[in-house]
Amino acid sequence: MKLHGFMGWILCALLGACALLPTDPPRITMQGFSFSAPKEKEKTWIVTQKGPDLTVIGKPGRYTGESFTMQVTIIKLPALESVDALVRHVESTQRKELDPKRYRVSMLAVSPQRIKAQNCALSRVEAAERSTSEGIGSPVNLMLETLTLICPHPKDPSRGISMAYSHRHYPEDVDPEFTEDAAKFMETLAFEPL
């Protein structure tokens, strides 16, 4: 009888240890594209919105007011003849979308990027989000860093994906690993059959 009890404890310990092993985050598929949140040890990503055209994943940061967000959107792209035309289109679109009353943009740069043999555009935006502090007080600037990858689908160039990785933080809480973490997220992109 005692042998069975001892074996039961060993089995529970082994199963518990297996449960603690890191697993790959599940892949999310959206209309010919798939991706996943990067595997992390500390904080897990939470899916806050998921639909056929939009998925938003977020996690809190280390400091008050800090957050990380991944937003993936299926977009319609115009007929573009080259990667340079895609870069110009992305820059023009982002400049129109950034509200100057809400954001003071310090950097907006777009460059060509190859992802799995597909011509894409990678943009980086750094801006101060204008807001006011709680109650009566002076304005508080929250910083917003965003890396966005825009790729047309290889089988249907009018269908694209926009993968944005953002870090919202106070000026003193810059994340030195922001670019590396964004790259890990964007490397999960796969083109799926339509």
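The paragraphs below set out a description of the structure included in this document. (Residues numbered from 1 in each chain as written. Predicted model: local features only at pLDDT ≥ 70, side-chain atom pairs only at ≥ 80, totals over all residues. Heavy atoms only, no water.)

## What to know about helix H2 (residues 83-97)
Taking 1.5 Å of rise per residue, the 15 residues of H2 would be expected to cover 21 Å, and the 21 Å separating its terminal C-alpha atoms lies within 8% of that figure. Along H2, the residues that are buried comprise Ala85, Leu86, Val87, Val90 and Gln94. (Helix = DSSP H or I, 4+ residues; strand = E, 2+ residues; numbered from the N terminus. Expected span 1.5 Å × (residues − 1). Buried < 20%, exposed > 50% of the residue type's maximum accessible area, 1.4 Å probe, protein only.)

## Focus: the state of the cysteines
Applying the stated criterion across every chain, the model contains one disulfide. A sulfur-sulfur separation of 2.1 Å characterises the disulfide bridge that pairs cysteine 120 with cysteine 151. On the sign convention where negative is left-handed, the bridge of cysteine 120 and cysteine 151, at about 115° about the S-S bond, is right-handed. Taken together, the positions of cysteine 120 in strand S7 (residues 118-132) and cysteine 151 in strand S8 (residues 139-153) put the pair 31 residues apart, joining distant regions of the chain. With respect to burial, cysteine 120 and cysteine 151 carry one shared label: buried. (Disulfide = S-S within 2.5 Å.)

## Quick notes on the pattern of salt bridges
Counting across every chain of the model gives seven salt bridges. Measuring nitrogen to oxygen at the nearest pair gives 2.6 Å for the salt bridge that ties arginine 102 to glutamate 129. Taken together, the positions of arginine 102 in the loop between H2 and strand S6 (103-115) and glutamate 129 in strand S7 put the pair 27 residues apart, joining distant regions of the chain. Look at arginine 102 and you get partly exposed, because its relative accessible area is 41%. Classification of glutamate 129 by relative accessible area gives buried; the value is 6%. Among the charged side chains, a salt-bridge network with shared partners connects Arg102, Glu129 and Arg168. (Salt bridge = Lys/Arg side-chain N within 4 Å of Asp/Glu carboxyl O.)

## Some words on the nonpolar core
Ranked by size, the top nonpolar core spans 26 residues in total, and within it Leu149, Tyr165 and Leu189 carry the most contacts. Mapped by element, the contributors of at least two residues to this core are strand S1 (28-30), strand S2 (33-35), strand S5 (67-76), S7, S8, strand S9 (156-169) and helix H3 (178-186). The residues contacting tyrosine 165, other than those within four sequence positions of it, are Trp45, Phe68, Thr69, Met70, Glu145, Thr146, Leu147, Phe178, Asp181, Ala182, Phe185 and Met186. Listed in part, the twelve residues of the second largest apolar core include Leu86, Val90, Leu108 and Ala121. (Core = buried A, V, L, I, M, F, W, Y, C linked by side-chain atoms within 4.5 Å. Contact = heavy atoms within 4.5 Å.)

## Observations regarding the packing of aromatic side chains
Per the counting criterion, the structure on display carries six aromatic pairs. Between phenylalanine 68 and tyrosine 165, the aromatic rings sit 6.3 Å apart at their centres with planes inclined by 35°, giving tilted as the arrangement. With phenylalanine 68 in strand S5 and tyrosine 165 in strand S9, the pair connects residues that are 97 residues apart, well separated along the chain. Taken as a pair, phenylalanine 68 and tyrosine 165 share a single burial class, namely buried. Each residue in the set Phe35, Trp45, Phe68, Tyr165, Phe178 and Phe185 is aromatic and connected to the rest through ring pairs, giving one cluster. Positioned above the aromatic ring of phenylalanine 68 is the side chain of lysine 59, whose terminal nitrogen or guanidinium carbon lies 5.2 Å from the ring centre. (Phe/Tyr/Trp six-rings, centres within 6.5 Å; stacked < 30°, edge-to-face > 60°. Lys NZ or Arg CZ within 6 Å of the ring centre and 35° of its normal.)

Distances and angles like these do not, on their own, reveal function.
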